[in-house]
Every structure is written in structure tokens, then in C-alpha cells.
Amino acid sequence: MKPSCYETWNHALQEHQIEKVQFYRCRARYPRLHGKNAIRGYHGFGGEIDVAKLTTKSGLSGWGQLSADIGEAKKAAELLMDRPLTGLFDTETGILDDRLRAFDIPLHDLAGRLLNIPVCRMLNPSAVLRAPVYDGAIYMNDIIPEDRPFGPDRVIQESIDDVKQGHTILKVKIGRSHQWMAHDEGLARDIEIVRGIHEALPGTAVMVDANDGYTLEDCIAFLEGIGDTPIYWFEEPFREEEGKNRALKSYLQKERPMTWIADGESMTDIPLLRDLAQKNLLDVWQPDVCGYGFTKWRALMKEICENGWLASPHAWGNVTKTHYCAHLAAAYPHHIPCVEAVPGTIEGIELQGYRLQNGILQIPDQPGFGMELVWAPEI
């Protein structure tokens with residue numbers, strides 16, 4: 001990649017200035033009810049996301065989800081106004097001032113639109129317009145509603161349904177023993193459901209996510225209990241720390257050498273994750289794409305690539321986050337094996353350019369992130 005590429009792009013952005021910042025609240029909708037995970041109750045049918053639209057003096061706009069709360073974003077909005085865009089954003093690295101972190105995604109989208117390139121090709125001009133994804137929507141719907149639980153068959157059927165929609169990798173929530181069921185009963189249910197999914201879909205890869213709801217002993221008991229069921233990765237088995245990670249990694253290397261440990265989504269501690277990765281006790285980095293920050297992810301991916309590590313930015317919450325992660329995966333295909341697919345839509349946002357087929361999300365060859373904000377209530 002030639003530095004002149006970024007010099008040319010930055011030169012093109014220098015003539016642009018932002019003159020209007022608008023905030024909107026959009027409603028996300030999942031195609032079905034998502035119940036519980038190990039630590040949190042009902043996830044419902046979707047929530048709300050706050051976005052910012054940035055319009056330049058030439059009338060061109062970019063938009064995206066905020067990476068900070070709306071109050072912080074409104075206070076920082078004046079920092080965007082009437083300045084050359086190159087004083088806010090560098091095409092090679094991202095935002096230039098951490099006080100602009102709320103607008104990390106909108107500024108990337110705006111720059112891509114002004115340059116007429118997809119964001120992934122701003123990150124890497126050779127980026128492919130596709131990204132492998134996994135289904136992140138297999139929740140504990142067997143234990144809801146409390147007065148008349150659906151039972152294990154519900155989760156297995158939802159897995160089958162999602163494979164029919166084009167998924168080839170499923171992430172299954174486990175950890176019922178943490179608070180929702182008696183310990184032994186909950187662990188047995190985790191085992192039953194994961195085995196049941198594998199038996200129903202033998203050609204589909206399965207990963208599991210305990211959301212820090214297991215102990216080390218639970219992890220070993222679960223892995224022993226599922227027998228020969230292969231596991232792609234084990235996500236958030238417990239709150240990450242060297243001793244427990246070392247013990248789990250030792251077990252995996254002996255019994256399941258093809259299973260990775262993925263972590264870093266919650267209470268993200270970059271020095272800890274770095275230390276674990278350097279000691280080969282963490283395989284897949286997972287800070288959130290918005291919570292950690294798109295610009296920070298760009299810098300982190302350089303370190304991950306240099307060290308030969310793997311990553312999968314956390315995306316759960318809404319489908320736009322999946323698409324942001326897909327652009328990172330398209331730019332770094334050798335180090336982001338797959339990203340989390342959040343099913344559903346967002347009212348007032350056109351997402352049609354993104355297509356899922358055989359586990360691969362096709363990214364539209366459109367400027368910015370390739371999504372259009374049509375309408376939402378302004379806030």
C-alpha cells in the first residue's frame with residue numbers, strides 16, 4: 001500500500017467542512033424474540049440506536065451510529081464545525097481527536113462518501129467486498145416464558161431456521177447454571193442443546209458463548225459432556241485472567257486443539273488481552289466495534305496483524321454494527337475469520353446492499369458503509 005494513496009485522499013478531503021450535525025434515534029427490530037443469556041434477561045425484539053448525520057457545506061452527508069452517549073455527542077458537536085475535514089479525520093488512521101469518538105463511525109462514512117469508496121477500501125485498497133459471518137442469535141429461548149417454557153426443541157428449531165437463512169456457523173448461548181436454573185440442571189441443559197444442534201445440523205459449525213457465566217470447572221464439565229461435538233470457539237467462558245485462561249488452554253490443547261478462546265467484549269482491558277495473547281492464552285480479540293471505537297480498532301488491527309493474532313469485533317445489538325465489523329473483516333481477511341451477524345432490520349434505514357449467502361455477507365460496492373438513512377425521529 002503506497003502512502004501516496006492516503007496523501008491523495010487527505011488532499012481531497014481538505015476542501016470540505018461540516019456545517020450541520022443532526023441526531024436521530026432509530027428503532028432496531030429482530031425477526032424473533034431473543035430471550036436470556038447467562039447474565040442478562042430478555043433481549044426482546046430489538047432496541048433503539050442513536051445516530052449522527054454530518055452534512056458538509058457542499059451538501060454531501062455521511063451518517064452512522066454514535067460511539068458515545070447522546071449527551072456527550074451533543075457537547076462535542078461544535079468541535080466538528082467549520083474546520084477542514086482533515087483537521088478532524090485522517091484517511092490512514094481515523095479520527096484525530098478522542099473528543100470526537102462519538103462521531104467515529106459517521107466520520108468514516110462521510111469520508112468514504114466524499115472519496116466515493118467503501119470504507120473497507122479506505123482501510124485496505126485491496127479489500128474484498130465480503131466477510132464470513134456467524135449467527136449470534138441463538139439465545140436461551142428454551143427457558144422462556146417462565147410460566148410455560150418453550151423447551152430445548154425451540155432452540156434447536158431456531159438454529160435450523162437460521163441455517164435455512166444462509167448461516168453456516170452458529171453461536172449458542174450457554175450458562176443457564178449461572179442464575180436461571182439449578183447448577184447441575186442448567187449445565188445438563190447446555191450440553192443437551194449443543195449436542196442437539198450438532199445432531200440436527202452436522203454440517204454446521206458451532207461456537208459457544210457463556211458470557212462470563214461459567215467457572216473453569218463448568219467449562220471442563222461442559223466440554224466433557226458434549227463428547228465429540230466440535231466447537232469452533234469458546235467465547236467469554238469466564239472473566240478472563242491468566243490462571244484460568246492457562247488452565248482452559250491447557251485442556252483445549254490436549255483434548256480440543258481446534259477450539260479457540262475468544263474474549264474481550266465486556267470490561268475491555270487491552271493490556272490484559274495483550275498479555276494473554278502474547279502468552280498464547282487468548283486466540284480471538286473481541287472488543288466492541290462501537291464501544292471500543294472504529295479508529296482504535298484500525299490501530300489494534302495493525303498490532304494483531306503484526307503478531308499473527310486473530311480478532312472478531314463484537315457486534316451484538318443491531319445489524320448496522322455487523323456491517324461496520326464486516327468492513328473491518330473485508331480489510332483484514334486473514335486476521336478476522338468471521339464476525340457476528342445480528343439478524344433483523346432498522347426502521348428508516350436501507351440495508352438492501354448487504355446479502356447473506358452460505359455464511360458469507362456480501363458488502364455493497366457503495367461509498368462509505370453503503371447504508372442509507374431514509375428517515376428517523378430527530379432528537
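Residues numbered from 1 in each chain as written. Predicted model: local features only at pLDDT ≥ 70, side-chain atom pairs only at ≥ 80, totals over all residues. Heavy atoms only, no water.

Caption draft 1: The overall build of the protein chain, seen in detail. Assigned secondary structure in the protein chain consists of 11 helices and 18 strands. Relative to the globule expectation of 21 Å for 379 residues, the C-alpha radius of gyration of the protein chain, 21 Å, shows essentially globular dimensions. Along the first, second and third principal axes, the C-alpha set of the protein chain runs to 65 × 45 × 35 Å. Relative to its 379 residues, the protein chain shows a buried fraction of 59%. A total of about 15500 Å² of accessible surface is found on the protein chain, and carbon and sulfur atoms cover 49% of it. Looking at the protein chain, you have 39 positive and 54 negative side-chain charges, and the mean spots of the two groups are 3 Å apart. (Helix = DSSP H or I, 4+ residues; strand = E, 2+ residues; numbered from the N terminus. Rg over C-alpha atoms; globule rule 2.2 N^0.38 Å. Buried < 20%, exposed > 50% of the residue type's maximum accessible area, 1.4 Å probe, protein only. Areas by Shrake-Rupley, 256 points an atom, 1.4 Å probe, with all protein chains shown as cover. Lys, Arg positive; Asp, Glu negative; His and termini not counted. Charge placed at Lys NZ, Arg CZ, Asp CG, Glu CD.)

Caption draft 2: Quick look at the nonpolar core. Within the largest apolar cluster, 85 residues are counted, with the highest numbers of intra-cluster contacts made by Phe103 and Trp285. Per-element tally for this core: the top contributor is helix α11 (residues 319-331), with eight residues. With residues up to four places along the chain from it excluded, the contact list for Phe103 reads Val21, Phe23, Ala52, Leu54, Leu66, Ala73, Ala76, Ala77 and Leu80. In terms of nonpolar packing, the next biggest core, distinct from the first, is built from 28 residues, Ile138, Val208, Ala210 and Phe234 among them. (Core = buried A, V, L, I, M, F, W, Y, C linked by side-chain atoms within 4.5 Å. Contact = heavy atoms within 4.5 Å.)

Caption draft 3: Fine view of the packing of helix α5 (residues 152-164) against helix α6 (residues 183-200). Relative to each other, α5 and α6 sit at 35°, their axes nearing to 9 Å. Both α5 and α6 take part in a crossing whose hand is right-handed. Contacts between α5 and α6 pair Pro152, Val155, Ile156, Ser159 and Ile160 from the former with Arg189, Glu192, Ile193, Gly196, Ile197 and Ala200 from the latter. Broken down by class, the residue content of the contact of α5 with α6 amounts to seven nonpolar, two polar and two charged. (Axes fitted to C-alpha atoms, helices over the stretch in contact; angles between N-to-C directions. Left-handed = near helix turned anticlockwise from the far one by under 90°. Nonpolar A, V, L, I, M, F, W, Y, C, P; charged D, E, K, R; others polar.)

Such coordinate-based values are descriptive only and should not be taken to indicate function.
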